[in-house]
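Geometric and topological summary
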Amino acid sequence: MSHTKKIAACFYSLGWRASLALSLMVALLIGSGWYSYAQINALTQATEKHASEHLPSLELLNATQLSITRLANLSGNIANSSAPAEVRVLLAEVRSEIINIRRYLNTLEKNPEIEALNKVVDLLEPNIEQIGVYKATLAQLQHDYDKQYLSVVDAVIQYLMSADADNKLVAVNLVRQLAALNEAERQFEVAQVRREIQASIQELKLQQSDLYDATHAAILADGGLFENRHNFDQLQADIMRLDTQNRILLGNVVDYGKRVYSSMEQSVMAQATSLRENSESVSQSFFWVASIQVLLGILLFVYFRYRVFARLSALRHLVSEDGMIDADELGYFDKRNEIGQLVHQLDSYLKTIRSQQQQIANVSVQLENIIRQSQMRVAVLAEDNVLFCSESLAAVFPEHPLNTIYDFPEKVVAALQDPPTSTEPELILSAFYDAHHQRWYDVSCSQVMWSDQAASLISFADVTERVRVTTEFKRTLSAVENEAFLDPLTGLYNRKMLDKRERQVNSKKIAQNGFAVLLFDVDFFKDYNDHYGHLRGDEALKMVAEVLRRNCPEHADAIRYGGEEFVLLINSRDRATLTELANLVLDEVFALEQQHPTSAYGYLSLSCGIAISEPGVESLLACFDRADQCLYQAKNNGRNCVVVA
Ligand SMILES: Nc1nc2c(ncn2[C@@H]2O[C@H](COP(=O)(O)OP(=O)(O)OP(=O)(O)O)[C@@H](O)[C@H]2O)c(=O)[nH]1
């Protein structure tokens, strides 16, 4: 999916209001960003333009100012210099500075001040040049003046050296006056000294005509010292005048420069004000844009809070355990977007599930009622508590309200201590007897869920009839079995019992402690029968059987093995006890004093052979054989006696 499609899908999923608000936010951000960029760009360009326009001008103006200052200094230096060579050098510098100034002024933007500056420079340049010329002339004049001065002074000194002492005073005064003239700088000083010198020369005219002639011509004549001094002073004054003029012009230059500076400063200040106002305008724009964005943000937050968060809340309700999404909440979700579709689907599923849960709950209640009122004896247990108990089961135990498992009889409680974990019913107590009702129950248990809780379901199945039938059957079976094992004549066990015991011995069902076979036989019974007949013989056999039954120990079998042979099968290996028992039987039979005319003893008597088994190794038959051999020996020994193997 392309980015455009993804963004479109995202906006569509958010809903048209949120999408519109977001779009507005984005548009506002882009717009404000663009506006800010444009404003800043315009400011930057304006600043750069202004700087490019004015900064070079300022620099040039500054350079011009410096050049003019240098020019003023040079002018002063020229005016004050007395060395022609130095004047020439200074003039060269002046020309160079003037060239620079003109170049600067030509570069600067034309305005009245610049024009005025140009005019000043136009005036300044010839003035300085004139000063240079005057300076050269002044140097020449100085030279001539000095030459004349020395010549005059020399002449006066020559005169002094040759003249008389009386005539020297005027000459000396003249020398002094000449020196004063040389030192005088101011006009009135020069004029004073000149008058004094003229007076001295007039005095010389009378006294020293030679010196008068020489000094008069050298000092007062045309081209003399006075004229030269006058010319020199005049030229000096011109130079001063020009220098003053130059200084005034340079002062004007400074004023013009100040004005230019001032105009530029005003321009710069105006630009700075414009910049500040523009920046304030941009700041205000920023403030309003930021305010609108904050407002929109708050609106969006409120919108999300009450719309989007409400959806999330509705979603939480939807997925919560017992939450229900109501119609209003469902209205937040537009079916046209994916989340909306999902929520509506979930709502549909939830409603279906709730409907089914309700149905199940109804069925569950109905089922519970049915179970409660039916003959099913069931109870539901969780932990030690009884969650449910059918009325039929409660009726089984009317003595207790069945609230906990400990309200059940002990046997049931014991069986429930370790309940099965299977969901299939498992018999935990077979044929439990309810003495109160004299009923029998099979108790089963299985694991079930009861109201979303793991529980044990126990059921009591009434098996009274089954137990009765089984007991009856067992009793009947026992009777039949007994009948089969009983001798009908004597009521003792018959030979089948011996066979049974033989099997039990072989299958080790009889204790391996050993046993004994006591084999009894009626002596001369054929004769007895022959003498008294079989009926009396049967009676005699019954009496012998009674003696055996009476003396048969507990857990021993009294068996009529066949005919007139009897067996006592005893779980004992005590030889003495066994012998004593056998003799007791023999004595009691003999004590019956049943007449037996053909017997050597006169009465009915028995012979007995006893065999004691080897424990764990001998079969019953083998032991019986040995008892039979002993019986044979007892017969041979004269009968009515006991022989023990
Ligand atoms: N009345 C009666 N006689 C029986 C019964 N069964 C066996 N007899 C008899 O018992 C007699 C057994 O005789 P014999 O085996 O010769 O032994 P005996 O005569 O007792 O001689 P000894 O054993 O050597 O002393 C037989 O005559 C049988 O007929 C019975 O159920 N009733």
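For the structure given in this document, a descriptive report is provided here. Being a predicted model, the structure only gives us computed values, none of them experimental.

1. A closer look at the overall build of the chain
Within the chain, the regular secondary structure consists of 17 helices and 10 strands. Sorting the 645 residues of the chain into buried and exposed places 37% on the buried side. Split by element, the accessible area of the chain, about 37200 Å² in all, is 55% carbon and sulfur.

2. Regarding the site of the ligand
If you check the shell around the ligand, you find 16 residues, and the closest are F524, F525, N529, D538 and R639. Within the backbone of K526, an N or O atom sits 2.8 Å from an oxygen atom of the ligand. Measuring from a nitrogen atom of the ligand, one finds a side-chain N or O atom of D538 at 2.7 Å. Here the ligand has 650 Å² of accessible area as a free molecule, and 66% of this is covered by the chains. When contributions to the shell around the ligand are tallied by element, the ones reaching two or more residues are β6 (516-522) and α15 (525-551). When residues of the shell around the ligand are assigned to their parent elements, the largest contribution, seven residues, is made by α15.

3. Describing unusual backbone geometry
Of note in this structure, E383 is not a glycine but carries a positive phi near 55 degrees. Residue position: E383 is located in the loop between β1 (377-382) and β2 (385-389). For E383, a relative accessible area of 73% gives the class exposed. Located in the positive-phi region is H555, a residue other than glycine, with phi close to 65 degrees. A relative accessible area of 67% places H555 in the exposed class.

4. Comments concerning the packing of helix α3 (residues 84-107) against helix α4 (residues 112-162)
At a closest axis distance of 10 Å, the pairing of α3 and α4 adopts a crossing angle of 170 degrees. If you check the angle between α3 and α4, you find them roughly antiparallel. Between α3 and α4, the residues in contact are P84, V87, L91, V94, R95, I98, I101, R102 and L105 and I114, L117, N118, V121, D122, E125, I128, E129, G132, K135 and A139, respectively. Of the residues assigned to the contact of α3 with α4, the class counts are 12 nonpolar, two polar and six charged.

5. Some thoughts on the sheet that holds strand β4 (residues 439-449)
With respect to topology, five strands assemble into an open sheet ordered β2-β1-β5-β4-β3, the strand pairing being antiparallel. Of all strands in the sheet, those bounded by a partner on one side alone are β2 and β3 (426-434). Strand-to-strand twist in this sheet, taken as the mean axis angle between neighbours without regard to direction, amounts to 25 degrees.

6. Considering the environment of G257
Locating G257 in the fold gives a position in helix α8 (residues 225-319). You can call G257 buried: its relative accessible area is 1%. Each C-alpha atom of the pair G257 and T64 lies 8.6 Å from the other, and the pair is 193 residues apart in sequence. G257 has contacts with L61 and Q65, leaving out every residue within four places of it along the chain.

7. Brief notes about the sheet that holds strand β7 (residues 557-562)
Strand order in the open sheet made by the five strands is β7-β8-β6-β9-β10, with mixed pairing throughout. If you trace the sheet from one side to the other, it starts and ends with β7 and β10 (642-644), each paired once. Each strand axis lies, on average, 20 degrees off the axis of its neighbour in the sheet, ignoring direction. Pairing analysis gives seven bridges linking β6 to strand β9 (residues 606-612), with the strands arranged antiparallel. Paired with V522 across the two strands is L606, which belongs to β9. Strands β6, β7, β8 (565-570) and β9 of the sheet are contacted by α15, whose axis makes an angle of about 20 degrees with β8. Contacting β6, β7, β8, β9 and β10, helix α17 (residues 620-636) crosses the sheet at an angle of about 140 degrees to β9.

8. A closer look at a nonpolar patch on the surface
A grouping of V294, I298, F301, V302 and Y306 is seen on the molecular surface, where their side chains present a nonpolar patch of about 510 Å² in accessible area. Counting through the fold element by element, V302 comes out in helix α8. Judged by its relative accessible area of 36%, V302 is partly exposed.

9. Re the environment of G31
Its location among the elements puts G31 in helix α2 (residues 16-80). The exposure class assigned to G31 is partly exposed, which follows from its relative accessible area of 32%. Separated by 258 residues in sequence, G31 and V289 have C-alpha atoms that sit 9.3 Å apart.

10. Some words on the pairing of β6
Of all seven residues that make up β6, seven are buried, and the element is covered over most of its length. In the sheet, β6 pairs with β8 via six bridges, with the strands oriented antiparallel. Note on β8: the bridge partner recorded for F520 is F566.

11. Here's the deal with the environment of L275
Looking at where L275 falls in the secondary structure, it is placed in helix α8. On the basis of relative accessibility, which here comes to 22%, the residue L275 falls in the partly exposed class. Considered as a pair, L275 and T47 are 228 residues apart in the sequence and their alpha carbons are 7.7 Å apart. Those residues within four positions of L275 in sequence are excluded, and the remaining contacts are L43 and T47.

12. Here we look at the side chain of S67
Within the secondary structure, S67 sits in helix α2. Judged by relative accessible area, which is 1%, S67 ranks as buried. Among residues more than four places away in sequence, those in contact with S67 are E97, N100, I101 and Y104.

13. Some thoughts on the pattern of salt bridges
If you walk through the whole model with that rule in mind, you get 20 salt bridges. Residue D122 pairs with R102 through a salt bridge whose shortest N-O separation is 2.6 Å. Remark: R102 occurs in helix α3 and D122 occurs in helix α4; sequence separation between them is 20 residues. By relative accessible area, which is 24% here, R102 ends up partly exposed. Bridged by salt links that share partners, the residues R102, D122 and E125 form one connected network.

14. A few points about the packing of α4 against helix α7 (residues 209-220)
A pair of packed helices is characterised by two quantities: the angle between their axes and the separation of those axes. Remark: α4 packs on α7, axes separated minimally by 10 Å, with the N-to-C direction vectors making an angle of 170 degrees. With respect to each other, α4 and α7 are oriented roughly antiparallel. The segment α4 lies against α7, with V152, A155, V156 and Y159 engaging L211, T215, A218 and I219. Residues belonging to the contact of α4 with α7 are distributed by class as follows: seven nonpolar, one polar and no charged.

15. So, α7
If you check which residues of α7 are buried, you get L211, Y212, T215 and I219. Along the axis of α7, the buried positions cluster into a sector of 100 degrees, meaning they face one direction only.

Cut-off values and rules
Residues numbered from 1 in each chain as written. Predicted model: local features only at pLDDT ≥ 70, side-chain atom pairs only at ≥ 80, totals over all residues. Heavy atoms only, no water. Helix = DSSP H or I, 4+ residues; strand = E, 2+ residues; numbered from the N terminus. Buried < 20%, exposed > 50% of the residue type's maximum accessible area, 1.4 Å probe, protein only. Areas by Shrake-Rupley, 256 points an atom, 1.4 Å probe, with all protein chains shown as cover. Near = heavy atom within 4 Å. Polar contact = N/O pair within 3.5 Å; in protein donor to acceptor, adjacent residues only side chain to side chain. Axes fitted to C-alpha atoms, helices over the stretch in contact; angles between N-to-C directions. Parallel < 35°, antiparallel > 145°, perpendicular 65-115°, else oblique. Contact = heavy atoms within 4.5 Å. Nonpolar A, V, L, I, M, F, W, Y, C, P; charged D, E, K, R; others polar. Pairing = 2+ DSSP bridges. Patch = residues over 30% accessible without salt bridge, like charges linked within 9 Å, V, L, I, M, F, W, Y side chains within 5 Å. Salt bridge = Lys/Arg side-chain N within 4 Å of Asp/Glu carboxyl O. Arc of directions from axis to C-beta.

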